[in-house]
Amino acid sequence: MKNIIVTGATGFIGQALVRRLQKLIGDEGKVIGLGSSAVDLANRSAVFDWFDRLHWAFDCDHIFHLAALYKAGGWPVEHPATQFHVNMSINVNVLEAWARFFPKAKLTSILSYCMYPPHDQAHPEAELWGTEPEDYLFSYAFTKKAMLIGQRAYRQEYNLNCTSVILPTVYGPGDSFAENSHVMGALIGKFVRAAKSDQSTVEVWGDGQQEREFLYVADAVDGMITAAQQSEVNVLNLGTGKAYSIQRIAETIKQASGFAGAIQYNSTRFVGVQKRLLDVSRVQQEIGWEAETTMEQGIYDTVRWYQSQLSTELARAAVVSHG
Ligand SMILES: NC(=O)c1ccc[n+]([C@@H]2O[C@H](COP(=O)([O-])OP(=O)(O)OC[C@H]3O[C@@H](n4cnc5c(N)ncnc54)[C@H](OP(=O)(O)O)[C@@H]3O)[C@@H](O)[C@H]2O)c1
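Everything quoted here is computed from the prediction, not taken from an experiment. (Residues numbered from 1 in each chain as written. Predicted model: local features only at pLDDT ≥ 70, side-chain atom pairs only at ≥ 80, totals over all residues.)

1. Things to note about the domain arrangement of the protein chain
Right, so step 1: Domain annotation for the protein chain reports domain 1 (3-110), domain 2 (119-162) and domain 3 (164-316).
Right, so step 2: Spacing between the C-alpha centres of domain 2 and domain 3 amounts to 28 Å.
Right, so step 3: Considered class by class, the residues forming the side of domain 2 that touches domain 3 number 1 nonpolar, 1 polar and 2 charged. (Domains from an automatic or database assignment. Nonpolar A, V, L, I, M, F, W, Y, C, P; charged D, E, K, R; others polar.)

See below:
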């Protein structure tokens, strides 16, 4: 550690940290500390300008990130939205500037034990997230959780009205049917194209035993609108509450598409979690909503839609090649 940036360097802990670091590295390197008068870290373009100017002249190998907006006493109770906006902005800007301008530097961020839930026992780090989302979806899932926190903060501070719905995998007409789409779209695409070109096999990723919940797109938009109009709660799971094995889905699509060949399961392909299913009791209680379309009907309608799209595309291609 030689050339160091400290955000929040003008604060209580930051000042002490800068003093100690300067003593530690002496003339071997340099500590650049910044407070809000040097750069407003919540202002994206100001942050990028500041880091851009610095990175030509300074070979930073470590960033301590302390800057945060926090005031003690009753202030947090009155200003949750301000805190969310400023601190999320500071954090996303610092992270992005680090990646853009000093990607070789190590970043150490300073957090707080108020992140843990309120109970009397000592908190292990494993408690931080409750049960974590799947590793490969962690970042996407957290941005969704951050949205919930933001909405709660804006509601509390500004008395704004909001709600959220959590969807399972949505499928139906208008979906993507490419191989790398989500499992339902990908399988409908594969089976319909295979039936049309008389292929002998269709490959299904995994062993077919993993289970997923699917919501037909017409039901999804119906539920979203009903929730927007009627929900008085923060968040509702908007699903069917039923999970089906991929094998059952594949066999239903096979039948709907008229594919006459064989299904080949490929267990070497990545398929994610074994089972995912929503508890839909709250949505039924709160707004009396239930999905209407059965899995079989949804698949049948989607297969018909994609078949007609393919025929139109093929007819168009034939016209172009003859024209
Ligand atoms: N103190 C504690 O007991 C404690 C406990 C747990 C965690 N922490 C964490 O430790 C870190 C430092 O705490 P602290 O007590 O030293 O905080 P502090 O005294 O309130 O200092 C906050 C620092 O952040 C800077 N800052 C705030 N908004 C900024 C912005 N928009 N742009 C640029 N800089 C901004 C401030 O700059 P200016 O002063 O120049 O405006 C100041 O240097 C924080 O992340 C805090 O969450 C503290």
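2. Some points on helix α4 (residues 80-101)
Right, so step 1: Taking 1.5 Å per residue, 22 residues should reach 32 Å; α4 reaches 31 Å between its end C-alpha atoms and fits that length.
Right, so step 2: Contact partners of the buried residues in α4: β1 (3-7), α2 (44-57), β3 (62-65) and α5 (138-158). (Helix = DSSP H or I, 4+ residues; strand = E, 2+ residues; numbered from the N terminus. Expected span 1.5 Å × (residues − 1). Contact = placed C-beta atoms within 7 Å.)

3. Here's the deal with the sheet that holds β1
Where strands meet in a sheet, backbone hydrogen bonds hold them as pairs that are either parallel or antiparallel.
Right, so step 1: The 4 strands are arranged β2-β1-β3-β4 in an open sheet whose pairing can be described as parallel. For this open sheet the edge positions go to β2 (30-34) and β4 (106-109), each flanked by a neighbour on one side alone. With direction set aside, neighbouring strand axes in the sheet form an average angle of 15 degrees.
Right, so step 2: As defined by bridge partners, β3 adjoins β4 across 4 bridges and the pair is classed as parallel. If you follow His62 over to β4, its bridge partner there is Lys106.
Right, so step 3: Sitting on the sheet, helix α1 (residues 12-25) touches β1, β2 and β3, and the angle it makes with β2 is about 170 degrees. (Pairing = 2+ DSSP bridges. Axes fitted to C-alpha atoms, helices over the stretch in contact; angles between N-to-C directions.)

4. Things to note about helix α6 (residues 183-196)
Right, so step 1: When the terminal C-alpha atoms of α6 are compared, their 20 Å separation across 14 residues agrees well with the 20 Å that a helix rising 1.5 Å per residue should span.
Right, so step 2: Buried residues dominate α6, accounting for 10 of its 14 residues.
Right, so step 3: Among all positions in α6, only Val183, Met184, Gly185, Leu187, Ile188, Gly189, Lys190, Phe191, Val192 and Ala195 are buried. (Buried ≥ 20, exposed ≤ 12 C-beta atoms within 10 Å, placed from the backbone.)

5. Focus: the packing of α6 against helix α8 (residues 246-257)
Right, so step 1: Where α6 contacts α8, the two axes come as close as 9 Å, and the packing angle between them is 35 degrees. Remark: the crossing between α6 and α8 carries right-handed chirality. Between α6, through Val183, Met184, Leu187, Ile188, Phe191, Val192 and Ala195, and α8, the contact on the second element is made entirely by Ile246, Ile249, Ala250, Ile253, Lys254 and Ser257.
Right, so step 2: Residues of the contact of α6 with α8, tallied by class, amount to 11 nonpolar, 1 polar and 1 charged. (Left-handed = near helix turned anticlockwise from the far one by under 90°.)

6. Looking at the site of the ligand
Right, so step 1: Around the ligand, 21 residues are found, and the nearest of them are Gly8, Gly11, Ile13, Gly35 and Ser36.
Right, so step 2: Ranked by residues supplied to the shell around the ligand, first place goes to α1 with 3 residues.
Right, so step 3: Its residues placed into classes, the shell around the ligand shows 12 nonpolar, 8 polar and 1 charged. (Near = placed C-beta within 6 Å.)

7. Regarding the nonpolar core
Right, so step 1: Among the nonpolar cores identified, the biggest contains 26 residues, and Met184, Leu187, Ile188, Phe191, Ile253 and Val303 are the most heavily contacted of them.
Right, so step 2: Residue assignment for this core shows that the elements contributing at least two residues are α6, β7 (201-205), β9 (214-216), α8 and α10 (295-322).
Right, so step 3: Broken down by element, this core gets its largest block of residues, 7 residues, from α6.
Right, so step 4: Once residues lying within four places of it in the same chain are set aside, the contact partners of Ile253 are Leu187, Ile188, Phe191, Ile299 and Val303.
Right, so step 5: Counting residues in each nonpolar core, the second largest holds 21 residues, with Ile4, Val39, Phe64 and Ile90 among its members. (Core = buried A, V, L, I, M, F, W, Y, C linked by C-beta atoms within 7 Å.)

8. A word on the packing of α4 against α5
Each packed pair of helices is defined by two parameters, the angle between the axes and the distance between the axes.
Right, so step 1: Running from N to C, α4 and α5 cross one another at 140 degrees; their axes reach a closest spacing of 6 Å. Taken together, α4 and α5 sit at an angle that is classed as oblique. Facing Pro80, Ala81, Thr82, Gln83, Phe84 and Met88 of α4, the residues of α5 in contact are Ala146, Ile149, Gly150, Ala153, Tyr154, Gln156, Glu157 and Tyr158. (Parallel < 35°, antiparallel > 145°, perpendicular 65-115°, else oblique.)

9. Quick look at the pairing of β3
Right, so step 1: Summarising the sheet, β1 and β3 pair through 4 bridges and their orientation is parallel. Each residue of the ladder has a partner; that of Val6, found in β3, is Phe64.

10. Comments concerning the environment of Met88
Right, so step 1: If you trace the backbone, Met88 turns up in helix α4.
Right, so step 2: In the structure, Met88 is positioned 194 residues away from Arg282 in sequence and 30 Å away in space, judged by C-alpha atoms.

11. Describing unusual backbone geometry
Right, so step 1: For Asn159, which is not glycine, the phi dihedral falls at a positive 60 degrees.
Right, so step 2: If you check the backbone angles, Asp198 has positive phi at about 55 degrees while not being a glycine.
Right, so step 3: Tracing the backbone shows Asp198 in the loop between α6 and β7.
Right, so step 4: The exposed category is assigned to Asp198, around which 9 C-beta atoms lie within 10 Å.

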